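Residue-level listing of the chains:
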Amino acid sequence: MIRLVGAELTRLRSRRLSIVAALVVLAAVALFQLAIHSEVAPSAAAQARGQQAYAQAQKDWQDSHAANVAECVQEGTSQEECESYDPAPSPQDFSAEPTAFADVAGFGLTTAAYLAMFASFLVAASFIGAEYSTGSLANWLTFVPQRLKVFGSKAIAVLLGSALLGAVAVFATLGLTAAQVAHHGGPLVGAGRLAAGSGRAVVLVAVAGLVGYVLALVTRHTVAAIVVPLGYGLVRTVLVAFTADEDAPLAWLPPYLPELNLKAFLEHGTSYTQYREVPGGDYTDIEKHLSFAHSGLYWLTLLVVAVVVGGLVFRRRDVT
Amino acid sequence: MPTSAPPRHARDAELALSTTSLRKTYRTRKGRRVAVEGLDLHVPRGGVHGFLGPNGSGKTTTIRMLLGLIKPDSGTMTVFDQPVPERLPQVVDRIGAIVEAPKFFPAFTARRNLELLAAAIGAPSSRVDQVLTEVGLAERGKDRFRSYSLGMKQRLAIAGTLLKDPDLLIFDEPTNGLDPAGIHEIRETMRGLADAGRTVLVSSHILNEVQQVADTVTIIGRGRLLAEGDVSEILARGGTEAVRVRVPDPAVAAQVLAAAGFAPEPGPSGTVLVRAAAGAGRLDAAEVTRALATREIYLAELVWQRPDLEEVFLSLTSEDHLGAGVQHAPPPPPLPPAAGPHRSGGQS
């Protein structure tokens, strides 16, 4: 089995699409670093503009504050509450200080994770799709006829390859962002929370690869595998109408939708809203929570189902 | 070569592969299409065995079933006395197979393609160099598979099969699309492999190529066995040998030959076709020339007219020229097999 996994990994890393996907992900990481540069390293001109804006805001506040509060009190509001409506400008609001690491890197981590998931899905689908389209799978099976062994070795190779791609994407993003922030004197806060998020992102990238692999194996075509999530995207736009209202027929569905579970797993829990009709014909937003544990179980179940279905299909199917 | 079939149990012990009552159907829009129908196949160990049939007669389907790529509906199969596909993993290292066209990753080099296969079976990478050299591709090993000519692809596929140093090689239509030099090369390769003690099963619908290289053959049509046995025995079913002679006066020559105990008949373009009379044994061309010469009739031309595999094949498969199809009526009963397959080549 180790021998087979080794052979599959060799093929995976030799494929042009794998190399292109890795380069695209790294290029995106580099672009992200360029994009956040102005946030982590504000220029002297930006700092001067910030100070100027603060001085102007301070002057405006001093000129109008007393009148604003008096007008507010006249309307029956308490003095204290009116003071709170018009606070003095804070220098922090106008300063061009480097942004905190956690604020910048959190967005980068999410972006890198989604990009790596897309790339690993594509690479994995193409990995098995190419074997069907070239017919080389039949040739391979004349060397290794044990179907489950072949299926397992390919699945493990896909999981390992995808996890590696995910790890490179998220850790390059976090590492480079941290280096930028540190270089410009920004605070490296929230690193522990981000490290945990990175681990979860790597798991999701690996799962995305496995799902791509199984879909291409079942449909026997790379394009067909790609069409499945695209098709889901279309269906999802229709589903919104049946899930948005608490009384809608499919109101129970959101906790089982992949995109919400993706978010919940990546962000260690998330929330979504549904409408509830209140007396008088109005609607109010009801926020509902989707836990990390739920999403973890969701992805674990999906992983098991994908492996079992893929293995059974591959074991039974004629290969021509 | 032996002329009579040995007992069945003795035959089985010497078989490289066999099938019994093998059946495979495919679902189509028009119903179930029978690809292989109760096929009994016996391939002796050693030598080259031709597996013949029209396009669509079930050759490739049978080979795929033997290799575990597709599952039979019913029937049994053995390879080196092991039931397959159940025990295929135990014998797969002894089998090298090319099913239809060579199938490799087009963007990879020939060497990389073979390295992957070698890694899968645990063969050392030095074996890749050996087999590339064996098939004459050592110089082109770094070229991408997609840049190869059809002949080179076929040679690379053979190199792939040799990675395992197999006892049984299965070539499915190995000369499809090859030029005469390529066909000759593949034929020589197959003969060489058989002479080295391996068993070669070659499926083809190009009869001349098989006749030149095969020791034994199986002919199938519509997925059924039509004939099997030594090539010479199969050929004997295609009709008697004859010589075509060109003489100044064919009518007189025919009278002379009839009087001498031959069975002459008018041939094409003023020639006489001479066969041995019924029950007279084999035709002797020297006797034909002597009989004519004694009456001062001298030959301008004498050509042997031997039945070839193509004639036998066409007569056996005349109703199967369209290959397997949706069966609505029962097919004609198969001809009784000739003498059973025998070991006619080297040992494996």
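Residues numbered from 1 in each chain as written. Chains lettered and ligands numbered in written order. Predicted model: local features only at pLDDT ≥ 70, side-chain atom pairs only at ≥ 80, totals over all residues. Heavy atoms only, no water.

Participant: Explain the interface of chain A and chain B to me, please; I cannot follow it from the model alone.
Facilitator: Interfaces are frequently sized by the accessible area removed from exposure as the parts join. With 28 residues of chain A at the contact, the number on the chain B side is 30 residues. Together, the buried faces of chain A and chain B total about 2,500 Å²; carbon and sulfur atoms form 63% of this surface. Where chain A meets chain B, there are 1 salt bridge. Our enumeration of links across chain A and chain B arrives at 9 residue pairs in polar contact (both at pLDDT 80 or more). Mapped onto the side of chain A that touches chain B, the elements with two or more residues apiece are α1 (2–14), α6 (101–134), α7 (136–143) and α12 (292–316) of chain A. A per-element tally of the side of chain A that touches chain B places α7 of chain A first, with 7 residues. (Contact = heavy atoms within 4.5 Å. Buried area = accessible area lost by both parts, 1.4 Å probe. Salt bridge = Lys/Arg side-chain N within 4 Å of Asp/Glu carboxyl O. Polar contact = N/O pair within 3.5 Å; in protein donor to acceptor, adjacent residues only side chain to side chain. Helix = DSSP H or I, 4+ residues; strand = E, 2+ residues; numbered from the N terminus.)

Participant: Is there a simple way to think about the sheet that holds strand β10 (residues 224–230) of chain B in this case?
Facilitator: In a beta sheet, neighbouring strands pair by backbone hydrogen bonds and run either parallel or antiparallel. Residue and element names in this part refer to chain B. Taken in spatial order, the 6 strands line up as β6-β7-β8-β3-β9-β10 in an open sheet, and their pairing is mixed. Across the chains shown, the open sheet's two edge strands, defined by having one partner strand only, are β6 (95–98) and β10. Averaged over all neighbouring strand pairs, the angle between strand axes comes to 15 degrees, with direction disregarded. By the bridge criterion, 6 bridges tie strand β9 (residues 216–221) to β10 in an arrangement that is antiparallel. Counterpart to Ile-219 in the pairing with β10 is Ala-227. Helix-sheet contacts for helix α2 (residues 59–66) involve β3 (47–52), β7 (168–172), β8 (199–204) and β9, and the interaxial angle to β3 is about 125 degrees. (Pairing = 2+ DSSP bridges. Axes fitted to C-alpha atoms, helices over the stretch in contact; angles between N-to-C directions.)

Participant: Before we go on, may I ask you to explain the pairing of β9 of chain B in this structure?
Facilitator: Each regular strand shows side chains that alternate between the opposite faces of the sheet. All names here are of chain B. Within β9, 6 of the 6 residues are buried, leaving the element largely enclosed by the surrounding structure. Note: β3 against β9, 4 bridges, orientation parallel. Among the inter-strand pairings, His-49 is bridged to a residue of β9, identified as Thr-216. The turn linking β9 back onto β10 is made up of 2 residues, and Arg-222 within it adopts a positive phi angle of 50 degrees. (Buried < 20%, exposed > 50% of the residue type's maximum accessible area, 1.4 Å probe, protein only.)

Participant: In this structure, what is going on with the confidence of the model for chain B? I would like to understand it.
Facilitator: Residue and element names in this part refer to chain B. A residue-level look at chain B finds 86% of positions with pLDDT of 70 or above and a mean pLDDT of 80. Between residues 1–12, whose pLDDT stays under 50, and residues either more than four places distant or in other chains, the model counts 21 contacts. In the predicted structure, residues 320–348 sits below a pLDDT of 50 and forms 78 contacts with residues beyond four places in sequence or in another chain. This complex was scored by the predictor with a pTM of 0.74 and an ipTM of 0.71. (pLDDT = per-residue confidence, 0-100.)

Participant: When you look at empty space enclosed by the protein in this model, what are you seeing that I'm missing?
Facilitator: Gaps left between atoms are located by rolling a probe of water-molecule size over the structure's atoms. Enumeration according to the criterion identifies 3 cavities of 30 Å³ or more in this entry. The calculated volume of the largest cavity comes to roughly 120 Å³. Contributing to the lining of the largest cavity are 16 residues, with Asn-139 of chain A together with Ala-97, Ile-98, Val-99 and Lys-103 of chain B lying nearest its centre. Where the lining of the largest cavity is concerned, the elements lending two or more residues are α7 of chain A together with β6 and α6 (150–162) of chain B. Counting residues per element, the lining of the largest cavity draws most heavily on α7 of chain A, at 4 residues. Of the residues belonging to the lining of the largest cavity, the class tally is 11 nonpolar, 4 polar and 1 charged. (1 Å grid on protein atoms, 1.4 Å probe; cavity = no way out; pocket = protein on both sides within 12 Å on 5 of 7 lines; lining within 4 Å. Points joined across faces, edges and corners; volume = space filled by probe spheres on them. Nonpolar A, V, L, I, M, F, W, Y, C, P; charged D, E, K, R; others polar.)

Participant: Can you help me understand the environment of Ala-196 of chain A in this one?
Facilitator: All names here are of chain A. As for its position among the elements, Ala-196 is in helix α9 (residues 191–219). Here Ala-196 falls in the partly exposed class, since its relative accessible area comes to 40%. On a C-alpha basis, the gap between Ala-196 and Leu-266 in space is 9.3 Å, while along the polypeptide they are 70 residues apart.

Participant: Where do I start with the layout of surface pockets in this structure?
Facilitator: All names here are of chain A. Taken as a whole, the largest pocket encloses approximately 780 Å³ of empty space. In terms of lining, the largest pocket is formed by 24 residues, of which the most central are Phe-121, Val-211, Pro-229, Pro-258 and Trp-299. Counting only elements with at least two residues in the lining of the largest pocket, the list comes to α6, α9, α10 (222–243), α11 (258–266) and α12. Here the lining of the largest pocket is built from residues that sort into 22 nonpolar, 1 polar and 1 charged.

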